[in-house]
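Each chain, written out:
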Amino acid sequence: MQAKEGDVAIQLALSQSMLQQGVPFPRLTKTKTGDLYARDHENRMWILSDFVEGAYFTGMRQQLDAVARAIAALQDQLEKSAEAQQLPLFSAVNSWDGTAAIFNELFAKENSWAEFFPATEKDALLRERAVLERIFQKTRDYLKTSSSQIVPIHIDLHPHNILIGEQGAPVIVDIDSLQRADRVQSLSFAIFKLVRQHIVQERPSDLAAPAREFFKQLNI
């Protein structure tokens, strides 16, 4: 990963503190020289941890509930920690103008989509254009009326960053994703990715029910 050494030091110290308080992180391990991270030939820093026996989050019902509780515990501890306020600011914070410009350009070039996308993707975009524009508009309206709440948070909680270890206990990995970011945006990303995996795995009849239950389990 590309990161500043000072930021990595804060993330390492915070993850150790979180682990001591019961947050389900993997235990960090040291290199032969006693460091908690290694550098590769491109001078990138890699945080080292013990191997976690288990499998990626598959979306089973009991896993979803356990992961929601684990995320709630992590977020509670992060927002209580003074040290967490020193985490790096996520680069996507306040990036809506750039995102909006991309969407506007995409819609404006509808007649050229065939040049940029394979036929199946182009057809899907055409079919769902009204849905995309409606979501875009709702997002823009929401951002106009809401204030951003920047908090310490894990910005990348998706199925491959959550391992299900012994007795179904979740372990959250990728601690370089501990950053300061918008609370709603980051948690919404997590809920979307994890609940989607659950829907693919178990195909519930009520597609909205897993998200409602996830919010309930989060209790934040």
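Refer to the preceding data block for the structure.
Below or above, wherever it landed, is the structure these notes cover. (Residues numbered from 1 in each chain as written. Predicted model: local features only at pLDDT ≥ 70, side-chain atom pairs only at ≥ 80, totals over all residues. Heavy atoms only, no water.)

Details of the overall build of the chain
For step 1, the next point in the chain: When helices and strands are counted, the chain shows eight helices and seven strands.
For step 2, the next point in the chain: A principal-axis box enclosing the C-alpha atoms of the chain has dimensions of 60 × 40 × 35 Å.
For step 3, the next point in the chain: Going through the 220 residues of the chain one by one, you find that 35% of them count as buried.
For step 4, the next point in the chain: Considering only contacts in the chain between residues 6 or more positions apart, those separated by 24 or more positions represent 70%.
For step 5, the next point in the chain: Surface accessibility of the chain: about 13,200 Å² in total, with carbon and sulfur atoms responsible for 52%.
For step 6, the next point in the chain: Seen as two clouds, the 24 positive and the 28 negative side-chain charges of the chain have centres 4 Å apart. (Helix = DSSP H or I, 4+ residues; strand = E, 2+ residues; numbered from the N terminus. Buried < 20%, exposed > 50% of the residue type's maximum accessible area, 1.4 Å probe, protein only. Contact = heavy atoms within 4.5 Å. Areas by Shrake-Rupley, 256 points an atom, 1.4 Å probe, with all protein chains shown as cover. Lys, Arg positive; Asp, Glu negative; His and termini not counted. Charge placed at Lys NZ, Arg CZ, Asp CG, Glu CD.)

Points about unusual backbone geometry
For step 1, the next point in the chain: Positive phi, normally seen in glycine, also occurs at aspartate 174, with a value near 70°.
For step 2, the next point in the chain: The residue aspartate 174 is located in the loop between strand E6 (170-172) and strand E7 (178-182) in this model.
For step 3, the next point in the chain: Not every positive phi belongs to a glycine, and arginine 203 is a case in point at roughly 45°.
For step 4, the next point in the chain: Mapped onto the fold, arginine 203 is located in the loop between helix H7 (183-202) and helix H8 (209-218).

Here's the deal with the pairing of strand E4 (residues 150-154)
For step 1, the next point in the chain: In terms of burial, E4 is a largely internal element, four of the five residues being buried.
For step 2, the next point in the chain: Sheet topology places E4 next to E7; five bridges connect them, and they run antiparallel. Following the sheet pairing, proline 152 is matched in E7 by arginine 180. (Pairing = 2+ DSSP bridges.)

Here we look at the pattern of salt bridges
For step 1, the next point in the chain: On inspection of all chains with the given rule, the structure shows twelve salt bridges.
For step 2, the next point in the chain: Among the salt bridges present, the one from arginine 61 reaches aspartate 65, with a minimum N-O distance of 3.0 Å. Taken as a pair, arginine 61 and aspartate 65 lie in helix H2 (residues 61-80) at a separation of four residues, close to a single helical turn.
For step 3, the next point in the chain: Overall, the relative accessible area of 27% leaves arginine 61 in the partly exposed class.
For step 4, the next point in the chain: Residue classification places aspartate 65 among the buried residues on the basis of a relative accessible area of 17%.
For step 5, the next point in the chain: Through salt bridges with shared partners, one network takes in Asp40, Glu42 and Arg44. (Salt bridge = Lys/Arg side-chain N within 4 Å of Asp/Glu carboxyl O.)

Digging into the packing of H2 against H8
For step 1, the next point in the chain: At a closest axis distance of 8 Å, the pairing of H2 and H8 adopts a crossing angle of 40°. By the angle between their directions, the pair H2 and H8 is classed as oblique. For H2 against H8, the interelement crossing comes out right-handed. Taking contact as the criterion, the partners of Arg61, Leu64, Asp65, Ala68, Arg69, Ile71 and Ala72 in H2 are, on H8, Pro210, Glu213, Phe214, Gln217 and Leu218.
For step 2, the next point in the chain: Residue composition of the contact of H2 with H8, by class: seven nonpolar, one polar and four charged. (Axes fitted to C-alpha atoms, helices over the stretch in contact; angles between N-to-C directions. Parallel < 35°, antiparallel > 145°, perpendicular 65-115°, else oblique. Left-handed = near helix turned anticlockwise from the far one by under 90°. Nonpolar A, V, L, I, M, F, W, Y, C, P; charged D, E, K, R; others polar.)

A closer look at the layout of surface pockets
For step 1, the next point in the chain: Put simply, the largest pocket is a space of about 720 Å³.
For step 2, the next point in the chain: Lining the largest pocket are 22 residues, and of these Trp96, Thr139, Leu143, Asp182 and Gln185 lie nearest its centre.
For step 3, the next point in the chain: At the level of elements, helix H3 (96-108), helix H6 (129-145) and H7 are the ones that each hand at least two residues to the lining of the largest pocket.
For step 4, the next point in the chain: Sort the elements by how many residues they give to the lining of the largest pocket and H6 lands first, with six residues.
For step 5, the next point in the chain: Tallied by class, the residues present in the lining of the largest pocket amount to eight nonpolar, ten polar and four charged. (1 Å grid on protein atoms, 1.4 Å probe; cavity = no way out; pocket = protein on both sides within 12 Å on 5 of 7 lines; lining within 4 Å. Points joined across faces, edges and corners; volume = space filled by probe spheres on them.)

Here's the deal with the environment of proline 159
For step 1, the next point in the chain: Inspection of the secondary structure assignment puts proline 159 in the loop between E4 and strand E5 (162-164).
For step 2, the next point in the chain: Relative accessible area serves as the criterion here: at 12%, proline 159 is assigned to the buried category.
For step 3, the next point in the chain: When the C-alpha atoms of proline 159 and alanine 73 are compared, they prove to be 18 Å apart, with 86 residues separating the residues in sequence.
For step 4, the next point in the chain: If we skip the residues at most four places from it in the chain, proline 159 touches Tyr56, Phe57, Lys193, Leu194 and Gln197.

What to know about the environment of lysine 144
For step 1, the next point in the chain: You can see lysine 144 is positioned in helix H6.
For step 2, the next point in the chain: Taking C-alpha positions, lysine 144 is 28 Å from leucine 194, a pair spaced 50 residues apart along the chain.

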